[in-house]
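Results of the structural survey
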Amino acid sequence: MQKKFRLTRSEDFKRVRRIGRSYAHPLVVLVAQASNILERKGARVGVAAGKSVGNAIQRNRAKRLLREALRPHLASIVAAYDFVLIARPALASATLDETRDALLNLLRRAKILPTDES
RNA sequence: CAGGCUGGUUGGGCAAUCGCGGUUCUGCGUUGACGGAAUCGAGGAAAGUCCGCACUCCAUAGAGUACGACGUCGGAUAGCACCCGGGACGGGGAAACGCCGUAAGGCGUGAACCUGCCGGAAAAGGGCCACAGAAACAAACAGCCCCGCUCACGCGGGGUCAUGGUGAAAAGGUGGUGUAAGAGACCACCGGCGUUUACAGUAAUGUAAAUGGCCAGGUAACCCCCGUCGGGAGCAAGGCCAAGCAGGGGCGAAAUCGUCUGUGGACGAUGGGAGACUGCUCGUCUCCGCACGCGCUCUCCCUCUUGUGGGAUGAGCCAGCCCCGGGUAGGCUGCAUCGAGCAGCGCGGCGACGCGCUGCCCAGAGAGAUGAUUGCCCAGGCGCUUUGCGCUGGACAGAAUGCGGCUUAUAGACCAGCCUGAAGA
RNA sequence: GCCUCGAUAGUUCAACGGACAGAAUAAGGCACUCCUAAGGCUUAGAUGCAGGUUCGAUCCCUGCUCGGGGCA
């Protein structure tokens with residue numbers, strides 16, 4: 001995922017975590033906020049993994065899984081959204097397919113992706 | 001061949017597609033959060049942060065104290081406490097052998113090797129040594145012996161550590177001489193600690209001999225004493241740029257008319273000022289009670305001409321722009337190609353390591369890049385119809401200023417060597 | 001990145017280097033009560049792990065494993 005689609009500032013993370021809506025799944029938690037900057041299109045994503053996920057290897061693994069699972073669907077998100085994906089401990093031992101299912105489920109519940117798309 | 005042990009190397013390989021980060025080059029009717037090409041992209045521990053440095057800032061005349069670390073010998077190194085090679089004293093260690101045992105087994109000797117520790121208690125001082133025991137660093141409980149008193153039992157004084165019991169530890173052990181009884185008090189042999197000499201070794205130390213020297217404990221990973229070393233903090237160090245808010249300084253316009261209104265005031269016109277747009281003018285838009293004052297509004301206090309005057313270091317209001325210093329968010333740098341650098345070869349050294357030659361340039365993120373899929377192969381595991389096939393499947397673990405050492409985690413694979421036993425030539 | 005403190009019964013805390021490791025509470029049992037609670041009697045239960053110093057270690061030293069604070 002290219003840097004222009006990422007959340008990079010600590011301020012952005014704080015804002016999304018404070019006023020965004022959250023959607024939970026056993027593997028991952030999604031916090032989303034509709035962006036109010038008019039000119040920008042597409043989404044910006046931040047990926048986080050706390051210490052409860054495991055050691056540095058397992059945290060990196062969780063974040064890479066989430067990025068890889070999101071990558072094919074990033075282009076189909078048209079609305080301007082900022083969202084944060086927070087890994088949970090079970091994600092460190094999950095497969096890519098499980099991660100993708102969890103992620104699509106969450107994105108549809110948050111209405112970031114249309115529900116009829118498969 | 002079996003068993004035990006040590007050291008070193010490695011830490012899956014090749015290819016394809018998609019994706020991510022850096023560097024260099026490059027393209028453009030579109031200078032972009034743009035596109036293209038080339039190239040590079042985790043480790044032996046990147047980890048823990050236990051030591052030592054480089055580097056940076058602060059402090060600093062010199063020396064000392066406090067505090068802390070270290071302390072066998074020699075070497076290596078930029079430096080280091082844990083590196084390398086030795087030494088003393090302990091602990092562990094298989095087969096085999098010896099002894100005991102019917103046996104199971106136990107005890108002892110004990111290879112390679114592993115492992116702990118190392119100034120001083122014989123230079124000074126303080127503390128502690130529970131329980132037991134008479135006594136724990138100075139002492140007589142029982143016992144033995146002598147003297148005095150007593151008819152006697154016994155009492156008092158003294159000598160003694162040989163004997164007894166206690167304990168982790170009680171003036172080295174055995175035999176004798178000696179004595180009232182005893183005692184290294186003395187003698188012989190042995191043991192330990194020193195001193196001297198000779199030999200080996202750079203040295204620690206070892207071996208041997210001599211000694212008309214000693215044998216009153218332990219503990220310094222208790223305080224302490226002696227010697228050596230250490231200024232403090234850390235890349236979130238430090239340097240540069242610098243929104244916004246606040247602060248300081250400066251520029252800046254000294255007016256008329258009309259309408260409405262109880263006052264206060266509101267609106268409009270003309271002219272003016274400040275700023276923005278523009279290369280400039282014009283023009284358009286926004287702001288300004290066109291005052292920083294003898295100002296306006298509110299609050300409080302005093303007075304008394306009851307709505308006048310005075311006072312308050314009480315609150316509030318007054319366009320916009322420019323400059324200045326420190327500096328927050330943030331950005332750039334430190335910081336990624338010159339280094340205690342890496343690889344290969346040769347030489348010296350038992351080794352840590354050093355020297356020489358040749359070649360190479362080798363990650364650099366910043367919410368933090370190494371991922372996904374597929375195929376073939378190499379180890380490994382499981383199953384079977386065991387020349388083989390099928391299924392499965394990859395340890396510990398992720399750079400964050402950089403190095404050296406240590407510690408901890410780690411599936412396996414490969415190489416070299418040492419010791420013991422058995423068999424064979 | 002750095003600096004500190006700690007680890008003891010199920011829980012919260014004690015304990016000069018001297019073993020029967022203490023207290024409160026929780027747990028089990030016994031009586032009491034018509035039943036329960038409170039109160040009474042009683043029982044069991046622990047030094048994070050591995051080495052070392054010492055006659056002897058919860059305590060001293062070293063290395064690990066966890067956990068809590070603090071600075072910027």
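Everything below is about the structure printed above this text.
Presented here is a report on the structure given in the accompanying data block.

Here the focus is the sheet that holds strand 3 (residues 44–49). Pairing in this open sheet of 4 strands is mixed, and the strands run 1-2-4-3 from one edge to the other. At either end of the open sheet lies a strand with only one pairing partner, and these are strand 1 (21–24) and strand 3. Along the sheet, successive strands turn relative to each other by an average axial angle of 20°, direction set aside. Contacting strand 1, strand 2 (28–34), strand 3 and strand 4 (81–87), helix 1 (residues 10–19) crosses the sheet at an angle of about 85° to strand 4. Of the strands in this sheet, strand 2, strand 3 and strand 4 touch helix 2 (residues 56–70), which is tilted by about 155° from strand 3.

A word on the side chain of Thr99. Along the polypeptide, Thr99 turns up in helix 3 (residues 96–109). Relative accessible area serves as the criterion here: at 2%, Thr99 is assigned to the buried category. The contacts of Thr99, once residues within four sequence positions are left out, are Leu27, Leu65, Leu66, Ala69, Leu91 and Ala94.

We now examine helix 3. Helix length check: helix 3 (14 residues) gives 20 Å between terminal C-alpha atoms against 20 Å at 1.5 Å per residue, within 8%. Turning to helix 3, its buried residues are Thr99, Ala102, Leu103, Leu104, Leu106 and Leu107. Turning to helix 3, the residues buried within the fold contact strand 1, strand 2, helix 2 and strand 4. Lys111 sits one or two positions beyond helix 3 and adopts a positive phi of about 60°.

Calculation notes
- Residues numbered from 1 in each chain as written.
- Chains lettered and ligands numbered in written order.
- Predicted model: local features only at pLDDT ≥ 70, side-chain atom pairs only at ≥ 80, totals over all residues.
- Heavy atoms only, no water.
- Pairing = 2+ DSSP bridges.
- Helix = DSSP H or I, 4+ residues; strand = E, 2+ residues; numbered from the N terminus.
- Axes fitted to C-alpha atoms, helices over the stretch in contact; angles between N-to-C directions.
- Contact = heavy atoms within 4.5 Å.
- Buried < 20%, exposed > 50% of the residue type's maximum accessible area, 1.4 Å probe, protein only.
- Expected span 1.5 Å × (residues − 1).

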